[in-house]
Amino acid sequence: MTRSATNQGDRAAEDGEGQSRSIAAVERAMDVLLLFGRSSRPDLGVTEIATELGLTKAAVHRILTALRSRELITLDPGTRRYALGHAAIALGRAYLARMDLRALAAPELRRLAQGVGETATLSIRRGDTRLYVDQVVLPHELRVEVSLGIPYPLHAGSSSKAILAFLDEAEVDGYVERHPLKALTERTIVDAERLREELAAVRERGYAGSTGERQEGTASVAAPIFDHDGRVIAALSAAGPLTRFKPRMGECAPLVVEAAARVSAQLGHSG
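What counts, and where the lines are drawn
- Residues numbered from 1 in each chain as written.
- Predicted model: local features only at pLDDT ≥ 70, side-chain atom pairs only at ≥ 80, totals over all residues.
- Heavy atoms only, no water.
- Helix = DSSP H or I, 4+ residues; strand = E, 2+ residues; numbered from the N terminus.
- Rg over C-alpha atoms; globule rule 2.2 N^0.38 Å.
- Buried < 20%, exposed > 50% of the residue type's maximum accessible area, 1.4 Å probe, protein only.
- Contact = heavy atoms within 4.5 Å.
- Areas by Shrake-Rupley, 256 points an atom, 1.4 Å probe, with all protein chains shown as cover.
- Lys, Arg positive; Asp, Glu negative; His and termini not counted.
- Charge placed at Lys NZ, Arg CZ, Asp CG, Glu CD.
- Pairing = 2+ DSSP bridges.
- Axes fitted to C-alpha atoms, helices over the stretch in contact; angles between N-to-C directions.
- Polar contact = N/O pair within 3.5 Å; in protein donor to acceptor, adjacent residues only side chain to side chain.

## Quick look at the overall build of the chain
Consideration 1: Helix and strand counts for the chain stand at ten helices and eight strands.
Consideration 2: The globule rule puts the C-alpha radius of gyration for 271 residues at 18 Å, and the 26 Å found for the chain is more than 25% above it.
Consideration 3: Oriented by its inertia axes, the alpha-carbon framework of the chain measures out at about 90 × 50 × 30 Å.
Consideration 4: Out of the 271 residues in the chain, the part that is buried amounts to 42%.
Consideration 5: Taking contacts inside the chain between residues at least 6 apart in sequence as the whole, the part at least 24 apart equals 54%.
Consideration 6: When the accessible surface of the chain is split by element, carbon and sulfur atoms take 52% of a total near 14,900 Å².
Consideration 7: Charge-centre separation for the chain: the mean point of 35 positive side chains lies 4 Å from the mean point of 35 negative side chains.

Structure representation (structure tokens):
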């Protein structure tokens, strides 16, 4: 082999090693950044990061310095602890702004329908109403099927109550003051005090139930979906014919709650 060929081979090897080191450095930086994202703590110290990721403190300092230069991480000079910076928060908000809730919830909706053996629905809040935006209906001869895009009041039915119960107290008061509690069926709650008691029970157990409150002959269980700020924005429900589903509401409720929690987590909710 000529000296020229040897030199070229050495340079290629050095380039490859340099590229590998660069990729490893990027991966370590991403690991640090992702640690902030999944941590329940608002800020982290160098020692915590190094211990969690198995890195040296010197390496962590170098990574944090690079991330700070891009405003992905910020340093509190008083505590010497680090937190997510403006640029990282902007990335998160850009992701959330582009997120399609229907597409995000679709896999959970299908899984829920199969898990409970009944119709699964997704509802979103629109002001003082909520509307169904998606559903998965299993091919039972006798089944529940909802109409998409029609607004329903927030006091009637499990999906409505799952949303109303997790609004703040002022919003609930405003809703009751603005709207007479009209009956959609003979089972709809139309007494304000009884409604407040029902909403308190929903908050305590984490889900709402309904036996014919919005539509006669049906039973349903619904759980709230929260966004990254902890605001309730939607609800997942399982629903079936009253005679078939009512005896199973208790056993199906955990599946509904877990599915809604997974959607909330994808939206950035950490509750």
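After that view of the structure, there is still more to cover.
## Regarding the pairing of strand 2 (residues 81-84)
Two faces make up the sheet, and in a regular strand the side chains alternate between them.
Consideration 1: The sheet contact formed by strand 1 (residues 73-76) and strand 2 spans four bridges and is antiparallel. Residue Asp-76 lies in a different strand from strand 2, and its bridge partner there is Arg-81.
Consideration 2: Between strand 1 and strand 2, which pair antiparallel and follow one another directly, the connecting turn spans four residues, one of which, Arg-80, has a positive phi of 60°.

## A few points about unusual backbone geometry
Consideration 1: The residue Glu-71 is not glycine, and still its phi comes out positive at about 60°.
Consideration 2: Positionally, Glu-71 belongs in the loop between helix 3 (57-69) and strand 1.
Consideration 3: Positive phi values are uncommon outside glycine, yet Arg-80 reaches one of about 60°.

## Some points on the sheet that holds strand 4 (residues 129-136)
Consideration 1: Ordered by their spatial adjacency, six strands build an open sheet running 5-4-3-8-7-6, and the pairing between neighbours is antiparallel. Among the strands making up the open sheet, the edge pair consists of strand 5 (151-153) and strand 6 (208-211). Averaged over all pairs of adjacent strands, the angle between strand axes in this sheet comes to 30°, irrespective of strand direction.
Consideration 2: Here six bridges tie strand 3 (residues 119-126) to strand 8 (residues 232-241), and the two strands are oriented antiparallel to one another. From the neighbouring strand, Ile-124 faces strand 8, where its bridge partner is Ala-234.
Consideration 3: Contacts from helix 5 (residues 101-116) reach strand 3, strand 4 and strand 8 within the one sheet, and its direction differs from that of strand 3 by about 145°.

## Quick word on the side chain of Ser-159
Consideration 1: Its location among the elements puts Ser-159 in helix 6 (residues 158-164).
Consideration 2: Once residues lying within four places of it in the same chain are set aside, the contact partners of Ser-159 are Thr-121, Ser-123, Arg-130, Tyr-132, Ala-222, Ala-235 and Ser-237.

## Examining the side chain of Ser-220
Consideration 1: Along the chain, Ser-220 turns up in strand 7 (residues 218-226).
Consideration 2: Here Ser-220 falls in the buried class, since its relative accessible area comes to 11%.
Consideration 3: Among the polar contacts listed, one links the side chain of Ser-220 to the side chain of Ser-158, at a separation of 2.6 Å.
Consideration 4: The residues touching Ser-220, leaving out its near neighbours within four places in the chain, are Ser-158, Ala-208, Gly-209, Ser-210, Ala-238, Ala-239, Phe-245 and Met-249.

## Quick look at the pairing of strand 3
Consideration 1: Burial analysis of strand 3 places six of its eight residues in the buried class, the great majority of the element.
Consideration 2: When strand 3 meets strand 4, the two strands line up antiparallel, connected through seven bridges. Looking at the pairing, Thr-121 lines up with Gln-135 of strand 4.
Consideration 3: A loop of two residues connects strand 3 with strand 4, the two strands running antiparallel in sequence, and Gly-127 in this loop sits at a positive phi of about 65°.

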